[in-house]
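# Topology and contacts: notes
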Amino acid sequence: MSTISDFNQKSCAVTDGEHRIQLELLQALCAATQENCSPASAGEILQQLVSYSEAHFMSEELLMRLKSYDDYEDHVSDHIHMMEVLAEIESAHASGKSALVSGQAESVLEFIKQHIATRDQRFADFMLAEE
Ligand SMILES: [Fe+2]
């Protein structure tokens, strides 16, 4: 029989997988900008990262709402911040400012690693504590 705790464990496993993909896309973007890849391939990775992050944040936010999560507002403000920086990176990329893209990609990578280790971890602990 399926229980709330089974659902919560599966949700956490799915979310972990999404975090891995998000980190891989960011690492690929950092590598592409440092290795002077063609702007087209960096742009393609950036586009995938933006779309993936939008979808991932939306599903995480829905799950937090479903669970009446108590740190929702602060958690979502991190997501908003990250999407704003990604939009800045997109515009730097569109105007050919590759050094700026590279620096910002590095700082987003640090930011999201920190977010996953703190706010996302707190939400996972909250879910797994629910019986
Ligand atoms: Fe999150």
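Above: the structure in question.
As the structure is a computational prediction, the values presented were derived from the model and not from experiment. (Residues numbered from 1 in each chain as written. Predicted model: local features only at pLDDT ≥ 70, side-chain atom pairs only at ≥ 80, totals over all residues. Heavy atoms only, no water.)

## Looking at the overall build of the protein chain
The number of helices and strands found in the protein chain is four helices and zero strands. Beginning at the N terminus, the succession of helices and strands in the protein chain can be written as α-α-α-α. Each of the three principal axes of the protein chain carries a C-alpha extent, and together these read 55 × 25 × 20 Å. The proportion of buried residues among the 131 residues of the protein chain is 41%. The long-range share in the protein chain, meaning contacts at least 24 apart out of those at least 6 apart in sequence, stands at 76%. Per element, the accessible surface of the protein chain, about 7,400 Å² overall, is 56% carbon and sulfur. Positive and negative side-chain charges in the protein chain, numbering 8 and 23 respectively, have mean positions lying 3 Å apart. (Helix = DSSP H or I, 4+ residues; strand = E, 2+ residues; numbered from the N terminus. Buried < 20%, exposed > 50% of the residue type's maximum accessible area, 1.4 Å probe, protein only. Contact = heavy atoms within 4.5 Å. Areas by Shrake-Rupley, 256 points an atom, 1.4 Å probe, with all protein chains shown as cover. Lys, Arg positive; Asp, Glu negative; His and termini not counted. Charge placed at Lys NZ, Arg CZ, Asp CG, Glu CD.)

## Here we look at the coordination of the iron ion
Coordination of the iron ion by the protein is provided by Glu60 (OE), His75 (NE2), His79 (NE2), His115 (NE2) and Asp120 (OD), with metal-donor distances spanning 2.0 to 2.3 Å. In primary-sequence terms, the residues that donate to the iron ion follow E-x14-H-x3-H-x35-H-x4-D. With a gap of 60 residues between them, glutamate 60 in helix H2 (residues 39–66) and aspartate 120 in helix H4 (residues 98–129) connect regions that are remote in the sequence. Take glutamate 60 and aspartate 120: they sit in the same class, and that class is buried. (Donors = N, O, S within 2.8 Å, 3.2 Å for Na, K, Ca; no water.)

## Brief notes about the pattern of salt bridges
For the structure shown, the criterion picks out five salt bridges. Salt-bridge contacts for aspartate 70 lead to arginine 122; the nearest nitrogen and oxygen are separated by 2.9 Å. Here aspartate 70 is found in the loop between H2 and helix H3 (72–94), whereas its partner arginine 122 is found in helix H4, with 52 residues between them in sequence. The exposure class of aspartate 70 is exposed, given its relative accessible area of 56%. (Salt bridge = Lys/Arg side-chain N within 4 Å of Asp/Glu carboxyl O.)

## Some thoughts on the state of the cysteines
Within the structure shown, the criterion is met by zero disulfides. Of the cysteine sulfurs around cysteine 37, a residue in no disulfide, the closest is that of cysteine 30, at 12 Å. (Disulfide = S-S within 2.5 Å.)

## Remarks on the packing of H3 against H4
Taken N-terminus to C-terminus, the directions of H3 and H4 make an angle of 165°; their axes are 10 Å apart at the nearest point. Relative to H4, the element H3 lies roughly antiparallel. Read as a crossing pair, H3 and H4 show a hand that is left-handed. Counted together, Asp74, His75, Asp78, His79, His81, Met82, Val85, Leu86, Glu88, Ile89, Ala92 and His93 of H3 and Leu100, Val101, Gln104, Ala105, Val108, Phe111, Ile112, His115, Arg119, Asp120 and Phe123 of H4 form the full contact between these two elements. Among the residues making up the contact of H3 with H4, the classes are represented as twelve nonpolar, six polar and five charged. (Axes fitted to C-alpha atoms, helices over the stretch in contact; angles between N-to-C directions. Parallel < 35°, antiparallel > 145°, perpendicular 65-115°, else oblique. Left-handed = near helix turned anticlockwise from the far one by under 90°. Nonpolar A, V, L, I, M, F, W, Y, C, P; charged D, E, K, R; others polar.)

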